[in-house]
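Listed below are the residues making up each chain.
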Amino acid sequence: MKKIAVLTSGGDSPGMNAAVRAVTRKAIYNNIEVYGVYQGYQGLLNDNIEKLELGSVGDTIQRGGTFLYSARCPEFKDADVRKKGIENLRKRDIEGLVVIGGDGSYRGAQRISEECKEIQTIGVPGTIDNDINGSDFTIGFDTALNTIIDSVDKIRDTASSHARTFIIEVMGRDCGDLALWAGLSVGAETIILPEVNVDIKDVAEKIDNGIKRGKKHSIVMVAEGCMSGEACAKELSKYINIDTRVSVLGHIQRGGSPSGADRVLASRLGGHAVELLLSGKTAVGVGIMNNELTDTPFDEIFNAKNQKFEHSIYNLAKELSI
Ligand code: F6P
């Protein structure tokens, strides 16, 4: 293998730069030329591709966002459109493509490997949502989790001063992991997420009991994939009359310097992606499971989606917030 390309795609996540750096430096270490595709699959179609050197990724490991830029590119689902992107790789004799992103980005990589046998593709899980099967953690999840914790710690100060109930809406698309881990970390009274059915009447009762016991404030953590914070507040108001505020944390969760855990994860997964290319693997996503580096075929990753929800963590959070 002499030449590979790397791109970041879909919603950005803190640690993507560290992953691009790892892919680039590991490849150059192994005498492979590296090309950066700017703006994800959109850049692949527009031939927005440049050679990366060791220095191109200097001073990036600590930066949030992605210096390669990212984009959502629905056109890439079209086989005729894809041909153009594949051609742009072929004309440079690129034999391997590392795609850093989420589920949708992996699907593009899978199609490329099916339609062009000379190009191996490897997926690296980069999303704050932690919703990629085949990896216990995705790059950016830990940083986003810490951003939520930091925000809720601040919100708790004012919640306490005013004896209010705060409903915090967090990202995660269809996955409740951010809400779950953040909920446990901030001691939320209730965590509402897509993977578990919750009766809002029970939530209201719990808040009411807390107030009767002398609790100063309550935190309800809601995953966007289950319901909006506003909808939750409206539902709660049917059962109790409390002073409630809703806080939608939004895109702040996607920004910021990556945490140590994300820098290490991104470096390990990026390096492993290059090792897999060198060993001839294709159409697999890298991951970390029980602290071991793994690779899982894209098909398995898609079919097993959402099966890694940790019910034990949910139950623990519930037990600790009685
Ligand atoms: O997949 C990452 C994510 O931040 C989700 O949590 C969220 O639902 C979505 O992207 C938001 O996408 P956009 O930035 O395109 O609005």
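Up top is the structure.
In this text, all values refer to a predicted model and were calculated from it rather than measured experimentally. (Residues numbered from 1 in each chain as written. Predicted model: local features only at pLDDT ≥ 70, side-chain atom pairs only at ≥ 80, totals over all residues. Heavy atoms only, no water.)

A. Just the site of the ligand, in detail. Neighbouring residues of the ligand: Arg72, Thr127, Asp129, Met171, Gly172, Arg173, Glu224, His251 and Arg254. Within the side chain of aspartate 129, an N or O atom sits 2.6 Å from an oxygen atom of the ligand. Within the side chain of arginine 173, a nitrogen or oxygen atom sits 3.4 Å from an oxygen atom of the ligand. In the complex, the protein chains occlude 74% of the 400 Å² of accessible area that the ligand would expose alone. Here the residues of the shell around the ligand are counted per class, giving 1 nonpolar, 3 polar and 5 charged. A domain-level breakdown of the shell around the ligand finds at least three residues from each of domain 1 (3-140 + 258-306) and domain 2 (142-254). (Near = heavy atom within 4 Å. Polar contact = N/O pair within 3.5 Å; in protein donor to acceptor, adjacent residues only side chain to side chain. Areas by Shrake-Rupley, 256 points an atom, 1.4 Å probe, with all protein chains shown as cover. Nonpolar A, V, L, I, M, F, W, Y, C, P; charged D, E, K, R; others polar. Domains from an automatic or database assignment.)

B. Quick peek at the packing of helix α1 (residues 16-29) against helix α9 (residues 260-278). Where α1 contacts α9, the axes come no closer than 7 Å and their chain directions differ by 40°. Taken together, the axes of α1 and α9 lie oblique to each other. Like other packed secondary-structure pairs, α1 and α9 cross with a definite hand, here right-handed. Facing α1, whose interface residues are Ala18, Ala19, Ala22, Val23, Lys26 and Ala27, α9 presents Arg263, Ala266, Ser267, Gly270, Gly271, Val274 and Glu275. (Axes fitted to C-alpha atoms, helices over the stretch in contact; angles between N-to-C directions. Helix = DSSP H or I, 4+ residues; strand = E, 2+ residues; numbered from the N terminus. Parallel < 35°, antiparallel > 145°, perpendicular 65-115°, else oblique. Left-handed = near helix turned anticlockwise from the far one by under 90°. Contact = heavy atoms within 4.5 Å.)

C. Inspection of the pattern of salt bridges at higher detail. Taken as a whole, this structure holds 19 salt bridges when the rule is applied. A salt bridge links aspartate 47 to lysine 91; the shortest N-O distance between them is 2.7 Å. With aspartate 47 in the loop between α2 (40-45) and β3 (49-52) and lysine 91 in the loop between α3 (79-90) and β4 (96-101), this pair connects stretches of sequence that are 44 residues apart. Judged by relative accessible area, which is 49%, lysine 91 ranks as partly exposed. Glutamate 189 is the salt-bridge partner of lysine 215, the closest N and O atoms lying 2.3 Å from each other. One end of the pair, lysine 215, is in the loop between α7 (200-212) and β8 (218-223); the other, glutamate 189, is in the loop between α6 (177-186) and β7 (190-192), and 26 residues separate them in sequence. Assessed through its relative accessible area of 9%, glutamate 189 is described here as buried. It is possible to trace a salt-bridge network through shared partners that takes in Asp47, Lys91 and Arg92. (Salt bridge = Lys/Arg side-chain N within 4 Å of Asp/Glu carboxyl O. Buried < 20%, exposed > 50% of the residue type's maximum accessible area, 1.4 Å probe, protein only.)

D. Geometry of the nonpolar core. Formed by 30 residues in total, the largest nonpolar core has its most connected members in Ile148, Ile168, Val170, Leu178, Ile191, Leu193 and Met221. Looking at this core, the elements with two or more residues in it are α5 (141-162), β6 (165-170), α6, β8 and α11 (311-320). Apart from residues no more than four positions distant in its own chain, isoleucine 191 is found in contact with Ala179, Leu180, Gly183, Leu184, Val198, Met221, Tyr314 and Ala317. In terms of nonpolar packing, the next biggest core, distinct from the first, is built from 29 residues, Ala18, Val20, Leu269 and Ile288 among them. (Core = buried A, V, L, I, M, F, W, Y, C linked by side-chain atoms within 4.5 Å.)

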